[in-house]
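These are the residues of each chain, in order.
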Amino acid sequence: LPESAPVNSAGDGVRAGRYRWNDPLTFWTFLSDYIGKYAAEISTGGAPVMREIVGVLHRLPDGAYLIFPRSPVFQAYKTWLHDQRADVPEQGGRWETQMQTAIMDWGIHVKSEGKDISWRFAFYRKGQAPDTLKEKLPCLAFPLVQLPPEIIAALDSALGSSFAPWNPNVESEVITDA
């Protein structure tokens, strides 16, 4: 982009108002902002969690993941897109699965349940799910080793030393959830 091109608040060089909902750079810019905004509500202690938590670092048998309840994070994405004056897809019943499919098409192998791309996970402790949500619900589980460098940097910046044992770019002792 030319130096005169408007730059969004994240400083990534994307022209303001030119975001597309199904563009990886747009989604990763949103997720970096979301991580920074909700750093205090991202748990590094594994799941299940209390109701105020929006994301969790959790070790599964096949590796370490950054996990978010799917509907709340996609609703936040939709709001962020509106705030950026970006195009937003129609919100039919399949928008969440379309968005998850787009993420998977970018080469990020979020957890799924075979033919059903949704992955249900016991995110909240019993009795701790926010109103309208269940303890076990569709989640986005991003393998840390597949996340783009800007997301790892956002986690490192937002979570500080509590992210160090999870950082796939830093050698450390293996983490086990209690």
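Residues numbered from 1 in each chain as written. Predicted model: local features only at pLDDT ≥ 70, side-chain atom pairs only at ≥ 80, totals over all residues. Heavy atoms only, no water.

Of the regular secondary structure elements, the chain holds 4 helices and 5 strands. Written out in order from the N terminus, the α and β elements of the chain read α-β-β-β-α-α-β-β-α. Classification of the 178 residues of the chain by burial places 44% in the buried group. Sequence separation of 24 or more characterises 56% of the internal contacts of the chain that already satisfy a separation of 6 or more. Summing over all exposed atoms, the chain offers an accessible surface of approximately 9,500 Å²; the carbon and sulfur share of this is 49%. (Helix = DSSP H or I, 4+ residues; strand = E, 2+ residues; numbered from the N terminus. Buried < 20%, exposed > 50% of the residue type's maximum accessible area, 1.4 Å probe, protein only. Contact = heavy atoms within 4.5 Å. Areas by Shrake-Rupley, 256 points an atom, 1.4 Å probe, with all protein chains shown as cover.)

A few words now on the sheet that holds strand β4 (residues 120–122). On the basis of which strands lie adjacent, the open sheet formed by 5 strands has the order β1-β2-β3-β5-β4 and mixed pairing. Each edge of the open sheet is held by one strand with a lone partner, namely β1 (42–43) and β4. Set on the sheet, helix α2 (residues 70–83) makes contact with β3 (63–69) and β5 (136–143); between it and β3 the angle comes to about 65 degrees. (Pairing = 2+ DSSP bridges. Axes fitted to C-alpha atoms, helices over the stretch in contact; angles between N-to-C directions.)

With that settled, consider the nonpolar core. Among the nonpolar cores identified, the biggest contains 36 residues, and F27, L31, I35, L66, Y77 and F142 are the most heavily contacted of them. Only α1 (24–37), β3, α2, α3 (95–105), β5 and α4 (149–159) provide two or more residues apiece to this core. Setting aside chain neighbours within four positions, we find F27 in contact with F74, Y77, M99, I103, W106 and F142. With 15 residues, the next largest nonpolar core counts I53, Y124, A129 and C139 among its residues. (Core = buried A, V, L, I, M, F, W, Y, C linked by side-chain atoms within 4.5 Å.)

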